[in-house]
Amino acid sequence: MKWGWILSLGVMLLSSASALAQTPTCDALSGDAKEVAESVMGSSYLYDCCDDTISKCLQAATPCDLAKRLANQVCRLAEDGKKADEIKRVLEQRALSMSASTKPVPIELRPEMVWGNPQAKVVLTVYLCGRCPYCAKHIVKLMDAMESTGL
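Read on for an overview of the structure. Throughout this description, residue numbers start from 1 for each chain and increase along the sequence as written. Totals for whole chains, interfaces and linings use all residues, but because this is a predicted model, local features are given only for residues with pLDDT of at least 70 and pairs of side-chain atoms are given and counted only at 80 or more. Side-chain calculation: all heavy atoms of the structure are included, whereas hydrogens and water are not.

**A look at the nonpolar core**
Our working rule: By nonpolar core we mean a set of buried residues, namely Ala, Val, Leu, Ile, Met, Phe, Trp, Tyr and Cys, connected to one another through side-chain atoms within 4.5 Å. Any residue under 20% of the maximum accessible area for its type is buried, any over 50% is exposed, and the rest in between are partly exposed; the area is computed with a 1.4 Å probe on protein chains only. Helix numbers and strand numbers start at the N terminus; a helix is a DSSP run of H or I with at least 4 residues, a strand a run of E with at least 2. The contact rule is simple, with two residues in contact once any of their heavy atoms fall within 4.5 Å.
Within the largest apolar cluster, 23 residues are counted, with the highest numbers of intra-cluster contacts made by Met41, Leu46, Ile54, Val74, Ile87 and Leu91. Considering every element that reaches this core, the biggest residue donor is helix H5 (residues 65-79), with eight residues. Those residues in contact with Ile87 that lie beyond four places of it in its chain are Val36, Val40, Val74, Leu77, Ala78 and Lys82.

Rendered as structure tokens:
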């Protein structure tokens, strides 16, 4: 009888654990925000890396990074008071922006922005800010790499 009670308590604790137990952002939710997030993650599918809902993908032995990022986005939006349909619309827009079926966005390459051979077969467009200390380090490394390969 003693073991049956302990087993029942364990089952109750496990069944009360939600799919949100995968990210700190989601773990912090409570009340309506938690319900909205669970609803959205239980019915919204990933557009890459996993063929199931966000909740199911989070439960994988090794959840993909996209599932974690989407879960965090859903939980932040739910915490901000967004309703389930609003959050789903945001997820749909995100998926569309990641889709190859969208039209390519033209990139303006003014002469002062081009470094290297403007007739090269491959064009690498880099969005960096020279005032940002992190980006500034990458600009130097990128230019050094291009010089060393003769590009």
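**Comments concerning the packing of helix H3 (residues 31-43) against H5**
Operational definition: In this analysis an axis means a line fitted to C-alpha atoms, helices contributing only their contacting stretch, and an angle means the value between N-to-C directions, from 0 to 180 degrees. Two helices crossing with the near one rotated counterclockwise from the far one by less than a right angle form a left-handed crossing, whereas a clockwise rotation gives a right-handed crossing. Residues are grouped as follows: Ala, Val, Leu, Ile, Met, Phe, Trp, Tyr, Cys and Pro are nonpolar; Asp, Glu, Lys and Arg are charged; every other residue, Gly included, is polar.
Running from amino to carboxyl end, H3 crosses H5 at an angle of 145°, the nearest separation of the two axes being 8 Å. Between H3 and H5 lies a crossing of right-handed hand. Taken together, the residues of H5 that come into contact with H3 (itself represented by Ala33, Val36, Ala37, Val40 and Met41) are Ala71, Val74, Cys75, Ala78 and Glu79. Here the residues of the contact of H3 with H5 are counted per class, giving nine nonpolar, no polar and one charged.

**A word on the state of the cysteines**
What counts is decided by this rule: The definition used for a disulfide is geometric: two cysteine sulfur atoms within 2.5 Å.
Summed over the entire model, instances satisfying the criterion amount to three disulfides. Sulfur-sulfur distance for the disulfide between Cys26 and Cys75 comes to 2.0 Å. Taking the sign of the S-S torsion, about 105° here, the bridge from Cys26 to Cys75 comes out right-handed. Highlighted residues: Cys26 in helix H2 (residues 24-27) and Cys75 in helix H5, separated in sequence by 49 residues. Cys26 sits in the buried class, given a relative accessible area of 2%. Each sulfur in the disulfide pair Cys50 and Cys57 lies 1.9 Å from the other. Its S-S torsion of about -90° marks the bond between Cys50 and Cys57 as left-handed, since a negative value means left-handed. Judged by its relative accessible area of 1%, Cys57 falls in the buried class.

This is a description of form; function is not addressed.
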